[in-house]
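Structural overview for review
Chain by chain, the residues:
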Amino acid sequence: MTPEKCILLLSMGVNGIALGMILFLLAAGFELMFGVMRIINMAHGSYFMVGAYVGIFVGKLSGIFGLGVLAGAVSVGVLGLIMERFFLRYLQDHLQQVFLTFGVVFILSDLTRMIWGGDPHGISTPALFAGSVEILGKPFPVYRLILIPVGLLVALGLWIFQAKTRLGAIVRAGVDDREMTGVIGINIKLLSTLVFGGGALLAGFGGMMASPIIAVVPGLDWEILTLGLVVVVVGGLGSLRGALVGSILIGLADTFGKFLFPEISIVLIFFILAVVLILKPSGMFGGG
Amino acid sequence: MMTQQEKRGWAMAVMLSIFLVLVIGGFSTVFAQAKPSPGTKGLIKIGWIGPLSGVGGEDGGRVLRGTKTAFEELKWEIAGRKIELLVEDSPMDPAVALAKLKKLYHDDKIDILIGPYSSASGLAIRDFYHTNKLLTVSPQAAVASLTQEKSSKYFFRTWNASGQIAPFEGWLLAKLGYRTVTFFAPDFAAGRDQVLGIKKAFEKFGGRVLQEVYFPMGRTMDFAPLLAKIDVETPDIVYVWAFGGDAVRFVKQYADYGYKKKVPLITGTAVADSFLPAQGDAALGVFMTYWYGHTLDTPENRRFKKLYVDVFGAEAAKLVTPYDEQGYLAGKIVVSGIQAVKGNVGDVDGMIQAIEKLDFEAPRGQFKFHQHNGVFNNYLWQVNRVEGRLLNTVLKAYGPIRQGWFEEGVEIAERPVPGK
């Protein structure tokens, strides 16, 4: 194992973790929605994509990347609020919910194509984080490095929210026993709407944060949803810890898979999925 | 007797069916896109099929714009007869292409066809246009057999046949002095064919291929681990063949990870003018080979761009893409055919003979046919900042390049760069 090989592998490792952070932002919102409302939001990848489209549009227009991030996150958050309040709330059956969110995927896909066309859209890395640093002689883009603390901060924030705040306690109560929570006087309907909006906001935030690296193009919704679903199944549905560990694992698997056997790198990811499903079907940290 | 539930179910089914019929009926009339005309006496009907929705829809729309411009130039009239363009959306599906063509031919009675766009669609409609003696001018449909084993005197292609341009790129790499290359291409038939075509020529002219890296098309978000292979064995130059999201990501990440400073990057597609806004400065300095670009300074291209401003307005004309040009070219060729027979489109052989003899200045440069396939120059470009935005600018010109040049050992000459 030459030093060059070591450095290369290390660099790949950092890469995998950064990719994992993007996946985490997507998965965290998904877990939130499922945890509280048992809703499998098939449109989550679409929310990610819309966040990127809107964010890039605002970011380029204003020249301020941060404004784009805000716009992307908030616009999708509002979209989520509307979806829950006016559509999902009226469906009790899980299958119906899946179908509805599935339909939303097609609607958003067509809408974004109508508004922004079929060409890819991208945005430059914000000046503050542009450029690269030399890690052991190999250039590494600063922006990707930044994604790691950003993702960890979001994870920390979500954990503090869930474990340490009153609102978080209410959310956890809603996860544990929805009916009882309603019985003790908590407005479970409002809670559901807010949680759904919050999860959507995270997806939109993730989409925009990822856009300097992966741009946005029709089809991104399916692309990211596939990986996101693998992450939540592997990590365990409804578990924040699962979302974090799962996304880092899948990020690393994707990166090393591509490095070692590019044409069939996807096989490694689905192999991991298969192993988890066979040994522990509820996921690594899922409660079932 | 039906229960209340069953009655409601049936009522809903009937209502939905009526709704569906109305929607389909309404949309088919809208989609015919027929131009209002004083009457059908003397009308020349030209069909157009290509993708206007789904994958390729964006570029298909540009091809259509170009085609319309060719007729707009003549105010939609040739030899005293009015032209009607009947447009059908055929989203890269061969079965749909054939069905739409049958509709255009049997129901709308088209005289000439412009299209199709995808190779698969071309193969699907080949027997139809050949049996029905329908003059067909395709702006793309690259699959070589349509002008080789399956050629038909009724079919012309203004694009290059597959296998025509790739060897040129290999020849060029060797000529420019690069001894080793690493390829990156999407893992499907056309991607592998492209690499094979370049490789054969590059090796024939003395080059050596270090690695061929194939990635799953449209599903690769992170190219960094693939790019790391360049560290393992560093070539003189990297060649990438990619489009859409893959192209944007590859070029951006190639710059992000510092490879652009170490190894020059060349492509046949990945820094097309339409991708540059998304790629930003990451694309600066990247080389490309292509036969058309917005900044190409031929007298015809200057005129063509000005025409676009007149027809579509300054905003739309800000970027004229190769797709616009190839649509325009197909339109102009059809126009030449019709003019040659003085509007008598029943004389199909007359139109064919005239088109075969065409040798004229197109926006891309000199154009003519060889075995019913396009012969034109190719250019070496580099991405630069022009008037405050990123565009490809011409470095060198070569040609002319025709179908089979490599197999037959035809020499390619360097030519003067237009406008210099």
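The structure this text deals with has already been given above.
Our subject in this report is the structure included herewith. Numbers given for residues are sequential positions, taken from 1 along each chain in its written order. All chains are assigned letters beginning with A, and all ligands numbers beginning with 1, in the order in which they are written. pLDDT decides what is reported in this predicted model: residues at 70 or higher carry local features, side-chain atom pairs at 80 or more are listed and counted, and totals for whole chains, interfaces and linings draw on all residues regardless. Each side-chain value is derived from all of the structure's non-hydrogen atoms; neither hydrogens nor water enter the calculation.

1. Comments concerning the pattern of salt bridges
Whenever Lys or Arg places a side-chain nitrogen within 4 Å of a carboxyl oxygen from Asp or Glu, that contact is recorded as a salt bridge. On inspection of all chains with the given rule, the structure shows 26 salt bridges over all chains. Note that Glu223(A) is salt-bridged to Arg249(B), the shortest N-O span being 2.9 Å. Within this pair, whereas Glu223(A) is found in helix H9 (residues 220-235), its partner Arg249(B) is found in helix H9 (residues 244-256), the two belonging to separate chains. Among the ionic pairs, Asp127(B) bridges to Arg126(B), the shortest N-O distance being 3.1 Å. Classification of Arg126(B) by relative accessible area gives buried; the value is 13%. Salt bridges linked by common partners bring Glu88(B), Lys100(B), Lys103(B) and Asp108(B) together as one network. Numbered from the N terminus, helices here are DSSP runs of H or I no shorter than four residues, and strands are runs of E no shorter than two. Only protein chains enter the accessibility calculation, which uses a 1.4 Å probe. A residue is then buried if its area is under 20% of the maximum for its type, exposed if over 50%, and partly exposed in between.

2. Quick look at helix H2 (residues 57-72) of chain B
Residues and elements named next belong to chain B. Expected helix span is computed as 1.5 Å times (number of residues minus one). Taking 1.5 Å per residue, 16 residues should reach 22 Å; H2 reaches 22 Å between its end C-alpha atoms and fits that length. Taken together, the buried positions of H2 are Gly57, Asp59, Gly60, Arg62, Val63, Leu64, Gly66, Thr67, Thr69, Ala70 and Phe71. Looking at the buried positions of H2, the neighbouring elements they touch are strand E1 (44-50), strand E3 (81-89), strand E4 (112-114), helix H12 (299-312) and helix H13 (322-340). Contacts are residue-level and defined by heavy atoms, with any inter-residue pair within 4.5 Å sufficient.

3. Notes on the packing of aromatic side chains
In this description, an aromatic ring pair is defined by two values, namely the gap between the centres and the angle between the planes. Stacked, tilted and edge-to-face are the three classes applied to pairs of Phe, Tyr and Trp rings, where Trp contributes its six-membered ring and a pair requires centres within 6.5 Å; stacked means planes under 30 degrees apart, edge-to-face means over 60, and tilted covers the rest. Tallying each qualifying case throughout the model produces 35 aromatic pairs over all chains. Considering the side-chain rings of Phe140(A) and Tyr257(B), the 5.5 Å spacing of their centres and the 75° angle between planes classify their relative orientation as edge-to-face. On the criterion of chain membership, the pair formed by Phe140(A) in strand E2 (residues 138-141) and Tyr257(B) in the loop between H9 and helix H10 (259-262) is interchain, its members lying in two chains. The buried category is assigned to Phe140(A), whose relative accessible area is 2%. Ring plane angle 10° and centroid distance 5.3 Å describe the contact between Tyr129(B) and Phe155(B), whose orientation is recorded as stacked. Of this pair, Tyr129(B) sits in helix H4 (residues 119-131) while Phe155(B) sits in strand E6 (residues 155-157); the two residues are 26 residues apart in sequence, bridging distant segments of the chain. The exposure class assigned to Tyr129(B) is buried, which follows from its relative accessible area of 0%. Among the aromatic residues, ring-to-ring pairing joins Phe156(B), Trp159(B), Tyr290(B), Trp291(B), Phe360(B), Phe367(B), Phe369(B) and Phe376(B) into one connected group.

4. Considerations on the packing of helix H10 (residues 240-260) of chain A against helix H11 (residues 265-279) of chain A
Residues and elements named next belong to chain A. Viewed as axis vectors pointing N to C, H10 and H11 meet at an angle of 150°, and their least axial separation amounts to 7 Å. When the axes of H10 and H11 are compared, the pair comes out roughly antiparallel. In this structure, the crossing between H10 and H11 has a hand that is right-handed. Across the interface between the two elements, Leu249, Ile250, Ala253, Asp254, Gly257 and Lys258 from H10 touch Ser265, Leu268, Ile269 and Ile272 from H11. Here the contact of H10 with H11 is composed, by residue class, of six nonpolar, two polar and two charged. Fitted lines through C-alpha atoms serve as axes, helices being fitted only where they are in contact, and the angles separating the N-to-C directions of these axes extend from 0 to 180 degrees. Any angle that falls under 35 degrees is termed roughly parallel, while one over 145 is termed roughly antiparallel, one within 65 to 115 roughly perpendicular, and all others oblique. Left-handed describes a crossing whose near helix is turned anticlockwise from the far helix through less than a right angle; right-handed describes the clockwise counterpart. When residues are grouped by polarity, Ala, Val, Leu, Ile, Met, Phe, Trp, Tyr, Cys and Pro land in nonpolar, Asp, Glu, Lys and Arg in charged, and all others, Gly among them, in polar.

5. Focus on the interface of chain A and chain B
Across the boundary between the two partners, chain A contributes 36 residues, which contact 35 residues of chain B. Here chain A is connected to chain B by four salt bridges. Between Asp231(B) and Lys138(A) there is a salt bridge, and its shortest N-O distance comes to 3.1 Å. Within 3.5 Å is the distance limit for a polar contact, defined as a pair of N or O atoms, with the added protein rule that one can donate a hydrogen and the other accept it, and that residues adjacent in sequence qualify only through two side-chain atoms. Scanning the region where chain A abuts chain B turns up 17 residue pairs in polar contact (both at pLDDT 80 or more). Where the side of chain A that touches chain B is concerned, the elements lending two or more residues are helix H1 (3-37), E2, helix H8 (188-214), H9 and H10 of chain A.

6. Some points on the environment of Phe99(A)
Residues and elements named next belong to chain A. Mapping phenylalanine 99 onto the fold places it in helix H4 (residues 94-116). Phenylalanine 99 sits in the exposed class, given a relative accessible area of 57%. As a C-alpha pair, phenylalanine 99 and leucine 252 span 153 residues in sequence and 32 Å in three-dimensional space.

7. Quick word on the pairing of E3(B)
All names here are of chain B. With seven of nine residues buried, E3 lies mostly within the body of the structure. Strand pairing follows a simple DSSP-based rule, namely that at least 2 bridges must link the two strands. Sheet topology places E1 next to E3; seven bridges connect them, and they run parallel. From the neighbouring strand, isoleucine 44 faces E3, where its bridge partner is isoleucine 83. When strand E2 (residues 77-78) meets E3, the two strands line up antiparallel, connected through two bridges. Residue pairing across strands places isoleucine 78 opposite arginine 81, the latter belonging to E3.

8. A short note on unusual backbone geometry
All names here are of chain B. In this chain, glycine 115 is followed by proline 116 through a cis amide linkage whose omega measures -5°. Summarising the element assignment, proline 116 is placed in the loop between E4 and H4. In this chain, glycine 399 is followed by proline 400 through a cis amide linkage whose omega measures -10°. For proline 400, the position within the fold is in strand E15 (residues 389-401). Non-glycine residue alanine 79 carries a positive phi angle of around 50°. The topology assignment puts alanine 79 in the loop between E2 and E3.

Any functional reading would require information that these geometric values do not contain.
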